[in-house]
Amino acid sequence: NGVKKTGLTQRVAVKTLLMDGRVLVGVGNIYASEACWRAGVRPRRAAGSLRQKECDQLARAVQDVLKAAIDAGGTSFRDYVGVAEDAGFFARELAVYERAGEPCRRCGALVRRTTDGGRSTYWCAGCQRLWPLRVPLGLAREARERHDAISRRHRAPVAAGRARRRALCGRE
């Protein structure tokens, strides 16, 4: 709910908004990526485009990630230890952060990485769509079949063109 009430421009990326100390305190780079993954929201998506349901899911995801991280003693990488010389173990539970190229734990698609302002952003293109699918429940199979048919029609000419180029270059 707070995401919609911030008054910030609608074009600000969700992850940037989560890390903004004027909006939310305590959510850093790691936890923002993880919360976006748990909510199924692409980190680079414009915050103003989120529907209320997605805002609610994101708020719950932020709370869940922070609670899990606190329960695990924080997130420690490499040689960092806390005041009591104890390492945090939340790094073992990370679903996307520093897992680029590995399969997503939820859907199996590859986790991707980009850099925004010198900060790494990790997400799964399979379960964190830029725009959510808006297909009525009963039509899901029909819509998927229609999408697959369109994809096949598009791929066929591309593959044929690729084969022609290979033949011309002598790389049959």
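Residues numbered from 1 in each chain as written. Predicted model: local features only at pLDDT ≥ 70, side-chain atom pairs only at ≥ 80, totals over all residues. Heavy atoms only, no water.

Colleague: Explain the overall build of the protein chain to me, and be specific about the residues and the numbers.
Modeller: A count of helices and strands for the protein chain gives four helices and two strands. Listing every helix and strand of the protein chain by position from the N terminus yields α-α-α-β-β-α. Taking as baseline every contact in the protein chain between residues at least 6 positions apart, the subset at least 24 positions apart corresponds to 51%. In the form shown here, the protein chain has an accessible surface area of approximately 11,300 Å², with 52% of it arising from carbon and sulfur atoms. (Helix = DSSP H or I, 4+ residues; strand = E, 2+ residues; numbered from the N terminus. Contact = heavy atoms within 4.5 Å. Areas by Shrake-Rupley, 256 points an atom, 1.4 Å probe, with all protein chains shown as cover.)

Colleague: So what's going on with the packing of helix H2 (residues 29-39) against helix H3 (residues 52-71)? Which residues, and what values?
Modeller: Between H2 and H3, whose axes approach to 8 Å, the crossing angle comes to 130°. The angle between H2 and H3 places the two elements in the oblique class. Both H2 and H3 take part in a crossing whose hand is right-handed. Seen from H2, the contacting residues are Tyr-31, Glu-34, Ala-35, Cys-36, Arg-38 and Ala-39; seen from H3, they are Gln-57, Leu-58, Ala-61, Val-62, Asp-64, Val-65, Leu-66, Ala-68 and Ala-69. (Axes fitted to C-alpha atoms, helices over the stretch in contact; angles between N-to-C directions. Parallel < 35°, antiparallel > 145°, perpendicular 65-115°, else oblique. Left-handed = near helix turned anticlockwise from the far one by under 90°.)

Colleague: Which residues make up H2, and what are the values?
Modeller: Among the eleven residues that make up H2, ten are buried, leaving the element largely enclosed by the rest of the structure. Residues Asn-29, Ile-30, Tyr-31, Ala-32, Ser-33, Glu-34, Ala-35, Cys-36, Trp-37 and Ala-39 constitute the buried set of H2. Elements that come into contact with the buried residues of H2 comprise helix H1 (14-19), H3 and strand S2 (119-124). (Buried < 20%, exposed > 50% of the residue type's maximum accessible area, 1.4 Å probe, protein only.)

Colleague: An account of the side chain of Arg-99 is requested, with residue identities and associated values reported.
Modeller: Note that Arg-99 resides in the loop between H3 and strand S1 (111-116). Within the local environment of Arg-99, its side chain forms a polar contact with the backbone oxygen of Ala-95, the two atoms lying 2.9 Å apart. Discounting chain neighbours no more than four positions away, the residues touching Arg-99 are Leu-94, Arg-105, Val-111 and Tyr-122. (Polar contact = N/O pair within 3.5 Å; in protein donor to acceptor, adjacent residues only side chain to side chain.)

Colleague: Could you give an account of the pattern of salt bridges, naming the residues involved and the relevant values?
Modeller: Per the stated rule, a full pass over the model turns up four salt bridges. Among the salt bridges present, the one from Asp-20 reaches Arg-22, with a minimum N-O distance of 2.8 Å. The residue Glu-102 makes a salt bridge to Arg-99 at a minimum N-O spacing of 3.4 Å. By relative accessible area, which is 34% here, Glu-102 ends up partly exposed. On the basis of relative accessible area, Arg-99 is assigned to the buried category, the value being 12%. (Salt bridge = Lys/Arg side-chain N within 4 Å of Asp/Glu carboxyl O.)

Colleague: Got a sec to walk through the pairing of S2? Specific residues and values, please.
Modeller: Taking burial as the measure, the six residues of S2 include five buried ones, the bulk of the element. Summarising the sheet, S1 and S2 pair through six bridges and their orientation is antiparallel. If you follow Thr-115 over to S2, its bridge partner there is Ser-120. (Pairing = 2+ DSSP bridges.)

Colleague: Can you explain the packing of aromatic side chains? Please cite residues and give values.
Modeller: Applying the stated criterion across every chain yields a total of one aromatic pair. Each ring, one from Tyr-97 and one from Tyr-122, has its centre 4.9 Å from the other, and the planes form 65°; the classification is edge-to-face. Of this pair, Tyr-97 sits in the loop between H3 and S1 while Tyr-122 sits in strand S2, placing them 25 residues apart in sequence. Note that Arg-106 overlies the ring of Trp-37, its terminal NZ or CZ placed 4.0 Å from the centroid. (Phe/Tyr/Trp six-rings, centres within 6.5 Å; stacked < 30°, edge-to-face > 60°. Lys NZ or Arg CZ within 6 Å of the ring centre and 35° of its normal.)

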